[in-house]
Structures are given as structure tokens and as C-alpha cells.
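Take a look at the letters that make up each chain.
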Amino acid sequence: MKEESIIQLINGKGMAEQIQAALYEENKNSGLIPGLAMITVGDDPATASYIRLKERAVESIGGTVRTVNLPRQATRESLLQEIDQLNADPEVHGILLQLPLPEHLAADQDTFLARIHPEKDVDGFSPYNRGLLLGSTLEGFVSCAALACMEVCSRYAAPLAGKKALLVGDSFDVIQALALLLIQAGCLVHIEADYHEESLRQADLAVIEKGTPRMVKGLADSQLTLLIDAGFHWVDNRSVGNVDLESTAVMDGYLLPVPGGMGPLLIAKLMENLCKAARQ
């Protein structure tokens, strides 16, 4: 009888700490002090929590951070004006607009993202930088979430060439950007807007962004060697992902779980982009 394999959990938080520690040493040795400006609109508690995490990350790499809090009723013109002022400030190397925006501003999201100077777009969200990636160049800034996934793939699924990659979701910052990166790496990429278990069983590696809490279950007989959980849900006063850890524990491969996986790595990749912007 074949002995069951136990899935190995990837410590995303530990990886993120290593990346940020290396950035701190590089910045210390070169005298670089990267400056990040973050714009928030409204007073959503979840947004405030994300901002605090990013503020601490900037401090951990020896940078400076400026947080601009606009009222929830802020107008389109006032937000554009704030972006323009930060674009013109030489002490600001990176600009981050915290999403999602309030309903009355959401329709103009791409207008705001396009207003951020491409050389300060450390989130990699501007249409300009997204276009550069479509043209198979990494000269601009790439979405931090996609870069986080690639960091994990390069460590735990290499070599990537020829691997079958399943991406579940449709977001521009994770799925669309990651698909282009994986194609450039030689993967056979399949994208589905919704989760289908049979597709997952046929993949070598998978990223599950879209779905419901703990919907991915029982993969003991799959050929997966790497599963990245990119879903975030708040259930019973704690963060959970799309993957049910208990039922997927018997699987021969690696899992980047929630919590402690994608979140810390995404912020670490944001810090890499910020340092890149400061060096430019």
C-alpha cells in the first residue's frame, strides 16, 4: 500500500522577512532611502490594517513613508490633484493608491491609476506598466501579487518550462499579470474564471484567487506539486483562503496557505519595486 504524502506548507512570512532584510542591507550599504506615499480614501478598518502593514514594511527596509488620508466624500478632482502633487515631489519614489475606492470614485479607477507617473507606479497597476508586460518586457513595474506568485513558483516548481499551470480568477493584478509571466517562463497556462476540480487535478501548479472559503478539498490523487492560495476571506473572526487545509493535507506537494502566505510576500515585492523606483 502506497504511503500517503503530507503536503508541505510554504512559510510566506519567513520568505518575506528574508527579502526585506536583504533590501535593508542593500539600502544601508548604498545610502538609499526609498520614499513611499500611500493614498487612502475613507476610513475602512481593513484598509487601515493593510496600510499599517505596509508602513512597517517600509520602515523595515530603511525607507520613509507618507500616508495621505482623503475623506470618503473626496472628489475626483481632489484625488487627481493629490496624485499630481506626489508625482512632482522628488522625495516620493513610489505612489500607491489603496483599492478599492468608494463607489462614487470606482468608475474612474483606471483614470487615477493612469495619472500616477509610470516610474512611481510601484504597484504595477497603471495601464502603461500593464501594457509593457503585455509586450513581454519587465522594464516597467509588475504587479506585486504576480511577482509574489512567481517568487514561489521559481522556488518550488522549477524548472517552469513545460509545466501545466492553472489560474483560477480574472483579476488584472494577479491572474492576468501572472499568466503573462508564466507564459514567458515557458508554462502551458490555462485560465478559468471559476473553479473546476477536474482542471485542478490535471495541473502541475495552480493559483486559486477566485472562489469561496475553503472550497478546494481532497487532492490526494492529483498531480499537483504546487498550490498557491490567493483567496482572502474573513470567517469566524479570522482570515482564511480558498483552500481547505485539513482536507488537502494529504497531498504530495507544496501549499502557500492563508494566512501567512500571499499577504506578506505581496508586501515584500512591493518593497522590491519601491527600491527599484528609488534607484531609478
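Shown above is the structure to which this text applies.
Note that the structure is predicted; figures quoted are calculated from it, not measured. (Residues numbered from 1 in each chain as written. Predicted model: local features only at pLDDT ≥ 70, side-chain atom pairs only at ≥ 80, totals over all residues. Heavy atoms only, no water.)

1. Side note on the sheet that holds strand β11 (residues 254–256)
Backbone hydrogen bonds hold the strands of a sheet together, and the pairing may be parallel or antiparallel. Strand order across the open sheet formed by 6 strands is β1-β11-β8-β7-β5-β6, with parallel pairing between neighbours. Each edge of the open sheet is held by one strand with a lone partner, namely β1 (8–9) and β6 (188–192). Where helix α7 (residues 144–156) meets the sheet, its contacts fall on β7 (205–208), β8 (226–229) and β11, and the angle it forms with β8 comes to roughly 160°. Strand contacts of helix α8 (residues 172–184): β5 (164–168), β6 and β7, with the helix running at about 170° to β5, the strand carrying the most contacts. (Pairing = 2+ DSSP bridges. Helix = DSSP H or I, 4+ residues; strand = E, 2+ residues; numbered from the N terminus. Contact = heavy atoms within 4.5 Å. Axes fitted to C-alpha atoms, helices over the stretch in contact; angles between N-to-C directions.)

2. Quick look at the environment of Leu219
You can see Leu219 is positioned in the loop between β7 and β8. Measuring from C-alpha to C-alpha, the distance between Leu219 and Arg201 comes to 7.2 Å, with 18 residues separating the pair along the chain.

3. Considerations on the pattern of salt bridges
A full pass over the atoms with the stated rule returns 11 salt bridges. In this structure, Arg115 engages Asp84 in a salt bridge whose closest nitrogen and oxygen atoms are separated by 2.9 Å. A residue pair is termed long-range when its members are at least 10 positions apart, and Arg115 in helix α5 (residues 109–115) and Asp84 in helix α3 (residues 76–88) qualify at 31 residues. When the shortest N-O distance is used, the salt bridge between Glu151 and Lys269 registers 2.6 Å. Here Lys269 lies in helix α10 (residues 262–279) and Glu151 lies in helix α7, a separation of 118 residues in the sequence. Judged by relative accessible area, Glu151 falls into the buried class, the value being 17%. Note on Lys269: relative accessible area 6%, which makes it buried. Here the residues in one salt-bridge network are Glu151, Arg155, Lys269 and Glu272, joined through shared partners. (Salt bridge = Lys/Arg side-chain N within 4 Å of Asp/Glu carboxyl O. Buried < 20%, exposed > 50% of the residue type's maximum accessible area, 1.4 Å probe, protein only.)

4. Concerning unusual backbone geometry
The residue after Leu99, namely Pro100, is reached through a cis peptide bond having omega 0°. Looking at the element boundaries, Pro100 is found in the loop between β4 (94–97) and α4 (103–106). Of the consecutive residues Val258 and Pro259, the connecting peptide bond is found in the cis state with omega at 0°. Relative to the elements of secondary structure, Pro259 occurs in the loop between β11 and α10. Not every positive phi belongs to a glycine, and Arg214 is a case in point at roughly 55°. For Arg214, the position within the fold is in the loop between β7 and β8.

5. So, the nonpolar core
For soluble globular proteins, the rule of thumb is that nonpolar side chains tend to be buried together. Judged by nonpolar contacts, the single largest core of 51 residues is most densely connected at Val152, Leu160, Leu178, Leu182, Leu226, Ile228 and Leu265. With 9 residues, α10 is the single largest residue contributor to this core. Excluding residues within four positions of it along the chain, Leu182 makes contact with Met150, Cys153, Leu160, Ala165, Leu167, Cys187 and Val189. Ranked by size, the runner-up nonpolar core spans 19 residues in total, among them Leu97, Leu105, Phe112 and Leu113. (Core = buried A, V, L, I, M, F, W, Y, C linked by side-chain atoms within 4.5 Å.)

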